Amino acid sequence: MGDIETFIAGMPKAELHVHHVGSASPRIVAQLAQRHEDTRVPTDPDALRQYFTFTDFAHFIEVYLSVVDLVRDAEDVRLLTYEVAKDMAAQNIRYAELTVTPFSSTNRGIPPLAFMEAIEDARAAASRELGVSLRWCFDIPGEAGLEAAEQTARMACDLRPEGLVSFGLGGPEIGVPRPQFKPYFDQAIVDGLRSVPHAGETTGPETIWDALIDLRADRIGHGTSAVQDPELLAHLAEREIPLEVCPTSNIATGAIDAIENHPLPRMVEAGVRVTINSDDPPMFGTTLNHEYQVAAQLLDLDERGIAELAKNAVEASFMDTTQRSALAAEIDAYTSDWCDGVPSAVAPA
């Protein structure tokens, strides 16, 4: 037996809610900033940590977009993607569905095909060299409106890269109604993609209902306000619609005022399947490993309980059945070796 932090660090993991650009660590951002001298983004990693200190969600979006502006050509895209996978490998993340916003890059002049080739080249290298299996969620930047939605749907459906599994919606929720994006989600679903919109982080449960009804969500990104609506919680539990929970992110953006008030325990008590994720980890000063530590404290879990929580992400993922079974078995074997027969705590549904 060892400590919980060490157990989590060594545990094989899957992650379902983590952003492409938002996963750029200070070392990666510094490399990109050095390639583009006209940026206001600092090139010193220590200065970058200060730069990534947010006053509110709007400020976060401003900083996030300044980093997006560093990704200007296919070489930047490939560098970013592969280096993010390298950071994931260091945390024993075996599989990740990375939320990619192609419109933000193609709108800045990167040809769509070049963008697709760059992420796919990085995906193949990550699998071959790092043992990390990457899949893509192409998401609409909601603040960019219907033009962005149309172009994202076109790239997802007409230029569909091999690793693409889902279609999402990110950016600010306030002033960006979910129902307007219904035609684009309908198109993506017809083309075999799964629906994974953000909803209910900075708005109320009605936004989650909109994502479920209009966008036919298979999973909900964040969904923190679901606890305000018992009927919604019951619906999520009954339909087995998972929530992608990102505790530290919710505090950093001001969606939740304090970690002790995070609704994660109430979600679990209601029988909702929750998955633990890091969202934009370097920007929020966190890692997926740290998010599991936070969740373990909030839910009072021992090692076996943490392992069951990790398996929620495997079950809620869009990996194929063989890969899902293999990763779940790997988590079980790791936990058995670690615990050596220690009784299990009650784990989340």
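Residues numbered from 1 in each chain as written. Predicted model: local features only at pLDDT ≥ 70, side-chain atom pairs only at ≥ 80, totals over all residues. Heavy atoms only, no water.

Draft legend 1. Seen up close, the overall build of the chain. When its secondary structure is counted, the chain shows 16 helices and nine strands. The C-alpha radius of gyration computed for the chain amounts to 19 Å, which stays within 12% of the reference 20 Å derived for 349 residues, consistent with globular compactness. Overall, the chain is about 55 × 40 × 40 Å in size when its C-alpha atoms are taken along their principal axes. For the chain, the proportion of its 349 residues judged to be buried stands at 59%. (Helix = DSSP H or I, 4+ residues; strand = E, 2+ residues; numbered from the N terminus. Rg over C-alpha atoms; globule rule 2.2 N^0.38 Å. Buried < 20%, exposed > 50% of the residue type's maximum accessible area, 1.4 Å probe, protein only.)

Draft legend 2. Molecular detail of the confidence of the model for the chain. Averaged over every residue, the pLDDT of the chain is 93; residues scoring 70 or more account for 97%. Within the model, the stretch residues 343-349 combines pLDDT values under 50 with 21 contacts to residues more than four positions away or in other chains. (pLDDT = per-residue confidence, 0-100. Contact = heavy atoms within 4.5 Å.)

Draft legend 3. Quick peek at unusual backbone geometry. In this model, Asn-92 sits at a positive phi of 65°, which is unusual for a non-glycine residue. Of note, the phi angle at Glu-240 is positive, near 55°, even though the residue is not glycine. Relative to the assigned elements, Glu-240 resides in the loop between α11 (230-239) and β8 (243-245).

Draft legend 4. Spotlight on the sheet that holds strand β3 (residues 133-141). Here five strands make up an open sheet; going across it, the order is β1-β2-β3-β4-β5 and the pairing parallel. Of all the strands in the sheet, just β1 (13-19) and β5 (194-195) have a single pairing partner and so form its edges. Contacts from helix α7 (residues 112-130) reach β2 (93-100) and β3 within the one sheet, and its direction differs from that of β3 by about 150°. (Pairing = 2+ DSSP bridges. Axes fitted to C-alpha atoms, helices over the stretch in contact; angles between N-to-C directions.)

Draft legend 5. The sheet that holds strand β7 (residues 220-222), seen in detail. Strand order in this open sheet of four strands is β6-β7-β8-β9, and the pairing throughout is parallel. Of all strands in the sheet, those bounded by a partner on one side alone are β6 (198-199) and β9 (274-276). Of the pairings in the sheet, the one linking β6 to β7 comprises two bridges and is parallel in character. Residue pairing for β7: Ala-199 is matched across the bridge by His-222.

Draft legend 6. Representation of the pairing of β1 within the structure. Among the seven residues of β1, seven are classified as buried, and the element is accordingly described as predominantly covered. As judged from the five bridges shared by β1 and β2, these two strands associate in the parallel manner. The residue bridging Glu-15 from the neighbouring strand is Ala-96, located in β2.

Draft legend 7. Inspection of the pattern of salt bridges at higher detail. Inspection of every chain in the model, using the stated rule, returns 23 salt bridges. The shortest N-O distance in the salt bridge between Glu-75 and Arg-35 comes to 3.2 Å. Here Arg-35 lies in helix α2 (residues 26-35) and Glu-75 lies in helix α5 (residues 74-89), a separation of 40 residues in the sequence. Between Arg-123 and Glu-162 there is a salt bridge whose closest N-O contact spans 3.8 Å. Placement of Arg-123 in helix α7 and of Glu-162 in the loop between α8 (145-158) and β4 (164-170) is noted, with a sequence separation of 39 residues between them. You can call Glu-162 exposed: its relative accessible area is 69%. Through salt bridges that share partners, Arg-27, Glu-83, Lys-86 and Asp-87 make up one connected network. (Salt bridge = Lys/Arg side-chain N within 4 Å of Asp/Glu carboxyl O.)

Draft legend 8. The packing of aromatic side chains, seen in detail. Per the counting criterion, the structure on display carries four aromatic pairs. Each ring, one from Phe-7 and one from Tyr-334, has its centre 5.2 Å from the other, and the planes form 35°; the classification is tilted. Highlighted residues: Phe-7 in helix α1 (residues 4-10) and Tyr-334 in helix α16 (residues 321-339), separated in sequence by 327 residues. Through a chain of ring-to-ring contacts, the aromatic side chains of Phe-7, Tyr-334 and Trp-338 assemble into a single cluster. Looking at Arg-78, its charged tip hangs above the ring of Tyr-82, at a distance of 5.1 Å from the centre. The cationic tip of Arg-219 hangs over the ring face of Phe-318; the distance from NZ or CZ to the ring centre is 4.3 Å. (Phe/Tyr/Trp six-rings, centres within 6.5 Å; stacked < 30°, edge-to-face > 60°. Lys NZ or Arg CZ within 6 Å of the ring centre and 35° of its normal.)

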